[in-house]
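Observations on the three-dimensional arrangement
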Amino acid sequence: MPGQGTVEDVLRSLNFAQDVGKQIRDAGYVLDKTELKRLLAELTSAVASSKMELSLLQGVCEARDDELIRLHEALVYKGNLRRRGDGYYKTLDGRPYGQPYCSYCWESKQQLLHLHSRILSKDIRICPGCKNEYQAIRTPYLEADGMTV
Ligand SMILES: [Zn+2]
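This section reports on the structure supplied with the text. (Residues numbered from 1 in each chain as written. Predicted model: local features only at pLDDT ≥ 70, side-chain atom pairs only at ≥ 80, totals over all residues. Heavy atoms only, no water.)

A few words on the pairing of strand β3 (residues 95–102). Within β3, six of the eight residues are buried, which leaves the element mostly enclosed by the surrounding structure. Alignment of strand β2 (residues 87–92) against β3, held across five bridges, turns out to be antiparallel. Note on β3: the bridge partner recorded for T91 is P96. Between β2 and β3, which follow one another and run antiparallel, lie two residues, and D93 among them has a positive phi close to 55°. (Buried < 20%, exposed > 50% of the residue type's maximum accessible area, 1.4 Å probe, protein only. Helix = DSSP H or I, 4+ residues; strand = E, 2+ residues; numbered from the N terminus. Pairing = 2+ DSSP bridges.)

As structure tokens, then:
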């Protein structure tokens, strides 16, 4: 039965393979052909299951790596972000500038998503992630006046 990609799932499959080896040893390495075929089929199945569990575990590890990279990025930006109006902006010398980020996504998930102008509307900006809408007047593009960005 497939697991969830945990170390325990991998170990369970490997233990099963080990048990097959123990059965062969306990039989004194003397088995009739039918029994040998059965044990070999179990061993092959246990190895295949282990490979599948390892593959799932790799996926879990990669997802965590991605999350770590994202959290690191959020941490780097955290001290450099400032709320203004309904959006968050990067700052330079404490002054917000540039395109606004979605305040909902930043505050709830520490995700930096630029707001987009809604098609056929200059008054509404929309977040591509959470689909929240913002008034453009409350989330303007801020020129970096006199700043070297
Ligand atoms: Zn959002």
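Structure shown, so let's carry the discussion forward.
In a beta sheet, neighbouring strands pair by backbone hydrogen bonds and run either parallel or antiparallel. A sheet is described by the order of its strands in space; here three strands give the open sequence β4-β5-β6, paired in antiparallel fashion. Every other strand in the sheet has two partners, leaving β4 (116–117) and β6 (133–135) as the edge strands with one partner each.

If you trace the backbone, S50 turns up in helix α2 (residues 33–78). With relative accessibility at 5%, the residue S50 sits in the buried group. Those residues in contact with S50 that lie beyond four places of it in its chain are V10, S13 and L14. (Contact = heavy atoms within 4.5 Å.)

Turning to helix α1 (residues 7–26), a few remarks are in order. Here α1 contains 20 residues, and its C-alpha end-to-end distance of 28 Å stays within 8% of the 28 Å for a straight helix at 1.5 Å per residue. Within the span of α1, buried status applies to D9, V10, S13, A17 and V20. The arc enclosing the buried residues of α1, seen along the axis, measures out at 120°, which places them on a common side. For α1, the exposed residues set more than 90 degrees away from the buried face come down to E8, Q18 and D26. Buried residues along α1 sit in contact with α2. A positive backbone phi angle near 70° is found at G28, which sits one or two residues after α1. (Expected span 1.5 Å × (residues − 1). Arc of directions from axis to C-beta.)

Turning to the pairing of β2, a few remarks are in order. Counted residue by residue, β2 has five buried out of six residues, so it is predominantly covered. Two strands pair when backbone bridges link them, and strand β1 (residues 81–84) and β2 are joined in this way by four bridges, in the antiparallel orientation. Of the residues in β2, the one forming a bridge with R84 is G87. Taken together, β1 and the strand that follows it, β2, pair antiparallel across an intervening segment of two residues, in which G85 is found at a positive phi of about 60°.

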